[in-house]
Amino acid sequence: MVDDVSSYIDDIVSMIGEDAEVEREELEKEFRRFLEYGVPPDQAKRTLVKKFSNGKKVEFRKLSEVKPNESNVNLLCRVVTVNPKEVKVRGEPRKIFYGLLGDETGVIPFTSWSSSISLEKGDVVEISNAYTKEWQGVVQVNFGERTSVKKVEDDRLPEVSHEPKPCKIADLHTAFGEVDVTVKILDVSEKEVDVNGEKKKVYVGTLGDETGKAQFTAWHDFKLKKGDVVRVVGGYTRFWKGIPQLTFDDRANVEKVSKEVEVSYKPVPLHKLVERRGGLDVSVEGTVIEVREGSGFIERCPECKRLIQNGECKVHGKVKGVGDLRAKLVVDDGTAGIGVIVGRELTEQLIGKTFEECKRIASEEGGEAVLRLLRERLLTKRVALRGNALGDEFGTTLIARDAKVVDLDVRKEALELLQKMEGES
Amino acid sequence: MRRSTAWRVFAGEYNDASAVVKGDGERVPSYVITPLGAKINRLFIVGVLTDVESLAENNELVRAHVSDPTGVFALYSGQFQPDVTKSLLEIEVPAFVAVVGKARTFEPEEGMVYVSVRPESVYEVNPDARDRWTLETCKSTLDRIEAVKEGLKLSQPNAYDLTKMGYSRDLAEGVVKAINFYRNMDVEKYVALVKEALNYLVPEKGGEELPKVDVKTEEENKESDDVDDTVLAIIKEIESEEGALWDDIVEKCMEAGLDRETVEESINSLMDKGLVYEPVLGTIKTT
Ligand SMILES: [Zn+2]
């Protein structure tokens, strides 16, 4: 039970105004009734304010408590960034604005679809009747035709600090602006690049924490060494096919810390991987639910390595094909499915047949026989995989660099689960 | 459009489904929502193919049944899946099969929904594959039971809070739909279903000592169930179109010999069970 009910009542009274036609006792009684029903105190507060304020006073929400798919959202916040963008709406070109809004509780992205709203960076604004949506796990505020925005005095809000957001690698896809990460350097190398005709040294490599790994590019020599644990404050993230890339330069604060960081090799649930679209050197587990056509013994063009059909390359015409072995799998853990590409050596290990054996089977019984063999050995098996996962809105594909069939003791696991359930009931 | 998840669901849960979300247009898929919130467009089944029957000339429509430890899936395959139809007809029954298929529904009349599966692939497998699938499906089902319980705890079930707890977006959305659609949902039925399936995997366990269910707890449960029955009966007796006033219910129940605390507890318990709800604060109505 909430023990500071009276401070909530104070809040409510101050929001609906002293002259509201309701007794404090009445408010408290209603408030407690909500709590008895398990309604969170903040929600109970909002409901009562709405009920008794008769629309006299608008309640502004903190950005940190805004949820997706809400309508009639009222905010008092600062415009952190704002950018114009040309889009086509039903064939008509239209100018919209997008950017970030901030208050003392956080920063969230917004899009303004309304032509009548003008915003300037740094403005403190009262926003009424906005609505919210969600994109990739992040709440976004939208301004529509019903939304009104009013510029108010700057001192209504404290200056929004642009503090870099503390983040884990797995959450980088939900971060905007600068981030603050504590990571272990897994490898690093020096590279020379050409920037506007000028030679510059950059330091590239991979880093990670207990939630995942990312590539990095440092535009300044921070003397990073493999195995160092560093806190990087003020880096930016970009993504390529779901693979996070952290970039930082001399404006960032990079400092070695003595803390130990364990880089995770724990399997990621597939729905999380697919939501992030991809990942660098990830581990996953799932069941093989399909071995696709195109798996097994295949022939490639000796010139361009393209798959050839009936001894013909699309580009090079009739060629003498070079044999190869691979598996194209669909692996699904019940929460999501991904494509998996397994190369020659790993396929040999997975099916327990060498490339030469497969080649012989293909020449004696036809290519279909090798595909049948793969299906016989792999379908319905649980596999543990590791590799880079690349994804877009059409799905995620993992390029296996490690693949094993997981041995399951079904009877033992079933018995343990059963005993656990009997114990609970 | 990304590949849809191949759900692991027992026939006993799938066949109970009657909620359908229709996709509009070709690019938006349709879903069957099960009572435990599985939001199924595609599913993966391993079980025993028990019979295959041609329903139309030239095998234009074939019906087959695949059984798991909890029930039977109905499969319909037609002329648009000639390879799968052919595979089904060639397999000698009974046989263990692995099936990936799409959820299909048939609604002969308003409010009546039959679910089936349109197979996309069918392969013969061995008994180990069936056991692995059964175990995996037990685990998935338990996850969904957990998710539904979490959803019911929320004052306003919503997908956002559920995804923050770690459930997949699909499951979170499915659970919210299921809670709103299936009133009086009996989660315990599916706990029993999972136990049944697990027992199936460990038949030799028969003589083994398993922790006994606490008898007293059971009696207590029964007692509180009796109270719930009494309170529910009283609400039904005094409610109007708009429901019954909280205070009136308490008064009537106290006249019937219950103390205030027990009555309030019982009303809450009835709400948890979905037998009553509160259309307006302070007013209770039966569902
Ligand atoms: Zn070529």
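All residue numbers here refer to positions counted from 1 along the written sequence of the relevant chain. Labels follow written order: the first chain is A, the first ligand is 1, and so on. In keeping with the predicted nature of the model, local features appear solely for residues at pLDDT of at least 70, side-chain atom pairs appear and are counted solely at 80 or more, and the whole-chain, interface and lining totals rest on all residues. Heavy atoms throughout the structure, all of them, feed into the side-chain values; hydrogens and water do not.

(A) Highlighting the packing of aromatic side chains. Within 6.5 Å between ring centres, the rings of Phe, Tyr and Trp (the latter by its six-membered ring) count as paired, and their orientation is classed by plane angle as stacked under 30 degrees, edge-to-face over 60, tilted in between. Tallying each qualifying case throughout the model produces nine aromatic pairs over all chains. Ring centres 5.3 Å apart and planes at 20 degrees place the aromatic pair Phe-110 of chain A and Phe-143 of chain A in the stacked group. Of this pair, Phe-110 of chain A sits in strand 3 (residues 106-112) while Phe-143 of chain A sits in strand 5 (residues 138-143); the two residues are 33 residues apart in sequence, bridging distant segments of the chain. You'll find Phe-110 of chain A and Phe-143 of chain A in the same group, each marked buried. The interplanar angle of 90 degrees and the centroid separation of 5.6 Å between the aromatic rings of Phe-10 of chain B and Trp-133 of chain B together place this pair among those described as edge-to-face. Of this pair, Phe-10 of chain B sits in the loop between strand 1 (6-7) and helix 1 (11-14) while Trp-133 of chain B sits in helix 3 (residues 127-153); the two residues are 123 residues apart in sequence, bridging distant segments of the chain. With respect to burial, Phe-10 of chain B and Trp-133 of chain B carry one shared label: buried. The helix and strand labels rest on DSSP assignments: H or I over at least four residues marks a helix, E over at least two residues marks a strand, and numbering proceeds from the N terminus. We call a residue buried when its accessible area falls under 20% of the maximum for its residue type, exposed when it is over 50%, and partly exposed in between, using a 1.4 Å probe and counting protein chains only.

(B) Quick look at the sheet that holds strand 4 (residues 39-40) of chain B. All names here are of chain B. Strands are treated as partners if at least two bridges between them are detected by DSSP. Taken in spatial order, the three strands of this open sheet run 2-3-4, and their pairing is antiparallel. A single partner strand is all that each edge strand has here, and the edge strands are strand 2 (19-21) and strand 4. Where strand 2 lies against strand 3 (residues 31-33), three bridges are found, and the strand directions are antiparallel. Within strand 3, the residue paired with Ala-19 across the bridge is Ile-33.

(C) Quick peek at the coordination of the zinc ion. Residues and elements named next belong to chain A. Every protein donor of the zinc ion is accounted for by Cys-301 (SG), Cys-304 (SG), Cys-313 (SG) and His-316 (ND1), and the metal-donor separations fall at 2.1 to 2.3 Å. Water is not among the atoms examined, so metal sites may look incomplete; donors are the N, O and S atoms within 2.8 Å of the metal, or within 3.2 Å for Na, K and Ca. A four-donor site is classed as tetrahedral when every donor-metal-donor angle falls between 85 and 135 degrees; four donors are called square planar, and six octahedral, when trans pairs exceed 155 degrees and all remaining angles lie between 65 and 115, with any other arrangement labelled irregular. Each of the four donor atoms bound to the zinc ion contributes to angles spanning 105 to 113 degrees, and the resulting shape is tetrahedral. Linear spacing of the donor residues for the zinc ion on their chain is C-x2-C-x8-C-x2-H. One end of the pair, Cys-301, is in the loop between strand 15 (296-300) and strand 16 (312-313); the other, Cys-313, is in strand 16, with 12 residues separating them in the sequence.

(D) Highlighting the domain arrangement of chain B. All names here are of chain B. Residue ranges assigned to each domain were obtained from an automatic or database domain assignment. Assigned domains of chain B: these are domain 1 (6-122), domain 2 (133-201) and domain 3 (218-286). Computed over C-alpha atoms, the centres of domain 1 and domain 2 are 21 Å apart. When two components associate, each loses some accessible surface as probed by a 1.4 Å sphere; the sum of these losses over both components is called the buried area. Across the interface of domain 1 and domain 2, roughly 2200 Å² is buried in total on both sides, 66% from carbon and sulfur atoms. Among the residues domain 1 hides against domain 2, the three largest losses belong to Arg-8, Phe-10 and Leu-36. Together they make up 33% of the total. Just to be clear on terms, a salt bridge is a Lys or Arg side-chain nitrogen sitting within 4 Å of an Asp or Glu carboxyl oxygen. Our count for the domain 1 to domain 2 interface comes out at four salt bridges. Residues Lys-189 and Asp-16 are paired through a salt bridge, measuring 2.6 Å at the closest nitrogen-oxygen approach.

(E) Layout of the interface of chain B and chain A. Here, two residues are considered to be in contact whenever any of their heavy atoms come within 4.5 Å of each other. Taken together, the contact pairs 51 residues of chain B with 46 residues of chain A. Together chain B and chain A conceal approximately 4300 Å² of surface at their shared face, both sides included; 60% is due to carbon and sulfur atoms. At the boundary of chain B with chain A, the tally comes to five salt bridges. Across the salt bridge formed by Lys-139 of chain B and Glu-413 of chain A, the nearest N and O atoms sit 2.6 Å from each other. Polar contact is the term for a pair of N or O atoms within 3.5 Å; when the atoms are in protein, one must be able to donate a hydrogen and the other to accept it, and sequence-neighboring residues count only if both atoms are side-chain atoms. The tally of links from chain B across to chain A stands at 13 residue pairs in polar contact (both at pLDDT 80 or more). Looking at the side of chain B that touches chain A, the elements that each hand over two or more residues are strand 1, strand 5 (42-54), strand 8 (95-106), strand 9 (114-124), helix 3, helix 4 (159-164), helix 6 (187-201) and helix 9 (260-272) of chain B. When residues in the side of chain B that touches chain A are grouped by element, the largest group, eight residues, is from helix 3 of chain B. Partitioning the side of chain B that touches chain A into residue classes produces 27 nonpolar, nine polar and 15 charged. Any residue outside Ala, Val, Leu, Ile, Met, Phe, Trp, Tyr, Cys, Pro, Asp, Glu, Lys and Arg is labelled polar, Gly included; the first ten of those are nonpolar and the last four are charged.

(F) Expanded view of the pattern of salt bridges. In total, this model carries 45 salt bridges over all chains according to the counting rule given. The shortest N-O distance in the salt bridge between Asp-131 of chain B and Arg-411 of chain A comes to 3.1 Å. Taken as a pair, Asp-131 of chain B in helix 3 and Arg-411 of chain A in helix 8 (residues 410-424) lie in two separate chains rather than in one. On the accessibility criterion, Asp-131 of chain B (9% relative accessible area) is buried. Exposure remark for Arg-411 of chain A: the relative accessible area of 35% places this residue in the partly exposed category. Residues joined by salt bridges that share partners form a network here, namely Glu-285, Asp-332 and Arg-382 of chain A together with Arg-8 and Glu-136 of chain B.

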